Structures are given as C-alpha cells and as structure tokens.
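Listed here are the chains, written in short residue letters.
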Amino acid sequence: MKLQFLAGVVAMVGLTGLAHADGFTNGGFEAGSTAGWTTGGGYRGNVLNAGLLPADFLPGGSLNGDTGSRGEVIDANYVDPNLGALLGSTVHSGKYAYRAEDTTNGGNATVISQKVSNYTESNIYFAWKAVLQNGGHVEDESALMMLTLTDDTTGQLLISRSYNAGFSGSGVDSRFSTDGSLFYTPTWQVEQLSIDQSLSGHSFTLSLLAADCNPTGHTGYAYLDGFGSAPPVPEPTTYGMMLAGLGLLGFMARRKKSA
C-alpha cells in the first residue's frame, strides 16, 4: 500500500512538472546576447509596408537575407546616435536591451522573435521604443516598426503595435514626439497582456520588426527589453529623469501661481 501511495505521488509530481510553464529565455538580454531568440533580416526595398510580416525576414522567410546582423544587444552606456539625450535611456531594466536594425538608411529590415510554450503565469510584459525617420513618403513606403504578440494556440493576434513615418504624421500616435525628420518615443512603452483562464496554457510568440523606408533613403529602428512574466523595472537613471521632470513641472506650477 505504501509503495502504491509513493508511486502515485511520484506520478503526480511528474505530471505537475509537465504542466509547468516554459520560462522566458534571456527576455531582458541579460546574457549580453540574443540567446533564446530567433533573429533575421534582409532587404525590404521595393516592398510596401502592407506586404511585410516579421516572419518574412526570419530564417526560411521569403525576404530573409541575413541572421539579423544589423541588430545589436546594447548596454546601459549606449546613447542613441541620432537623438542622444532626447530619446532618454536605451535600456529599460537590467544592464542590456536590444536594438532591431541599424541606425542608418539602406532599405533593410531586422526582426527578433521568441516563442514561449505552455504558458501559465498571470501576465506577459515587454517594453519598447522606436525611432522612425520621415522621408516625405506616403505611409506604405515609410520607415516602419511592427510589434506583435500572437497566441499560437488559437492564431489570434493579441497585441499589435504598427507605426510608420509617413509624411502626414498619421502613421504615429501620441506616444511619439518629433525632432526634425524623426518620429520617436521619448519614454519606454510597457505592454502588458493578462493571462486569464481562456489563455492559460497557450503558446505565445513576440516578434519585433524594424525597417528602413521602401525607397531606401531613410532609417527606422526600435529597442526592445523586459520580455517576461514580471513588469520590467526601470533603471535608476530612468527614475532620475522622471523625478527631474516632475520637479520641473512643480517648479513651473509654483512660478505660475506666484505670478
């Protein structure tokens, strides 16, 4: 009887292990590499934005031409070469983040993607920033950022962030600021997906595509950090900038009240 009981316990433990969610691999790039991710890239000139998908540039995709060599894992000392301090921190949490695509033109695109299977945690988080150059093109030809979180179990697109640098400005929203010809997000955009009973145990894929413009003369790139089950915690330098901004607003309010 005791042996049967122990065998039952062992079996239950084994089943519990099988049901446990797979973890995120290097979701904050703290390995200093893209280990756990799939990367790819290629030339997107002459292909309209409407015809682009992240999978096109990953290995086996119709536009894949490289392993994502223009993307880069960056550390907290990295300063955006086009915007400098205007863009703020290039790492949201920890010591590293990832920049998809390089910071110059050329008509190229870079994609980074990771799949997590049998997911049972209560949330999925990730954070992003983007820099898209307005080259005076229509939206469908302009520099592009496309970020998707897909439920692979059902095929449903759960989070989609697609922005372009079309000359009218309609391809971006209030998340973006402008400096010269550049549309950019000065603060990290933290996304959250709550995993309810209908999603628990499913598999999910996060993909980020960043592309230069279709005529090849203007740049587009994006930063990614903090893909995981807990909200990414900003670096102390980010907190410092936030506090400084709040302090400035308080000073201006007091000055206005005195006047």
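Residues numbered from 1 in each chain as written. Predicted model: local features only at pLDDT ≥ 70, side-chain atom pairs only at ≥ 80, totals over all residues. Heavy atoms only, no water.

Participant: Before we move on, can you summarise the overall build of the protein chain with the specific residues and values?
Facilitator: Within the protein chain one finds two helices and twelve strands. In sequence order, the protein chain lays out its α and β elements as α-β-β-β-β-β-β-β-β-β-β-β-β-α. In the protein chain, which comprises 259 residues, the share counted as buried stands at 46%. Residue pairs in contact within the protein chain that sit at least 24 positions apart in sequence constitute 76% of those at least 6 positions apart. Of the roughly 12,500 Å² of accessible surface on the protein chain, a fraction of 57% belongs to carbon and sulfur atoms. (Helix = DSSP H or I, 4+ residues; strand = E, 2+ residues; numbered from the N terminus. Buried < 20%, exposed > 50% of the residue type's maximum accessible area, 1.4 Å probe, protein only. Contact = heavy atoms within 4.5 Å. Areas by Shrake-Rupley, 256 points an atom, 1.4 Å probe, with all protein chains shown as cover.)

Participant: Would you mind going over the packing of aromatic side chains in detail, with residue names and values included?
Facilitator: Under the counting rule described, the total for this entry stands at eleven aromatic pairs. Pairing Tyr 119 with Phe 204 gives two aromatic rings, centres 6.1 Å apart and planes at 90°, and the pair type is edge-to-face. Of this pair, Tyr 119 sits in strand S4 (residues 108–119) while Phe 204 sits in strand S11 (residues 202–211), and the two are 85 residues apart along the sequence. Each member of the pair, Tyr 119 as well as Phe 204, is classed as buried. One aromatic cluster is present, formed by Phe 24, Phe 29, Trp 37, Tyr 98, Tyr 119, Phe 204 and Phe 227 through successive ring pairs. (Phe/Tyr/Trp six-rings, centres within 6.5 Å; stacked < 30°, edge-to-face > 60°.)

Participant: Kindly report on the environment of Ala 143, identifying the contributing residues and their values.
Facilitator: Note on placement: Ala 143 falls in the loop between strand S5 (123–133) and strand S6 (144–151). For Ala 143, a relative accessible area of 0% corresponds to the buried category. Ignoring anything within four residues of it in the chain, the contact list for Ala 143 reads Leu 132, Gln 133, Tyr 163, Asn 164, Ala 165, Ala 211, Asp 212, Cys 213, Thr 219 and Gly 220.

Participant: Could you give an account of the pairing of S6, with specific residues and numbers?
Facilitator: Most of S6 is tucked away, with eight of its eight residues classed as buried. Burial along S6 is two-sided: the face carrying Leu 144, Met 146, Thr 148 and Thr 150 and the face carrying Met 145, Leu 147, Leu 149 and Asp 151 are both buried. Note that S6 and strand S7 (residues 156–164) share eight bridges and pair antiparallel. Each residue of the ladder has a partner; that of Leu 144, found in S7, is Asn 164. Where S6 folds back onto S7 in an antiparallel hairpin, the turn is made up of four residues, including Gly 155, whose phi is positive at roughly 80°. (Pairing = 2+ DSSP bridges.)

Participant: Please provide a residue-by-residue account of the side chain of Gln 189, values included.
Facilitator: The residue Gln 189 is located in strand S10 (residues 189–194) in this model. For Gln 189, a relative accessible area of 12% translates into the label buried. Side chain to side chain, Gln 189 and Arg 175 meet in a polar contact 3.2 Å long. In this structure the side chain of Gln 189 is engaged in a polar contact, spanning 2.9 Å, whose partner is the backbone oxygen of Thr 187. Non-local contacts of Gln 189, meaning those with residues more than four positions away in its chain, are made with Phe 126, Ala 127, Trp 128 and Arg 175. (Polar contact = N/O pair within 3.5 Å; in protein donor to acceptor, adjacent residues only side chain to side chain.)

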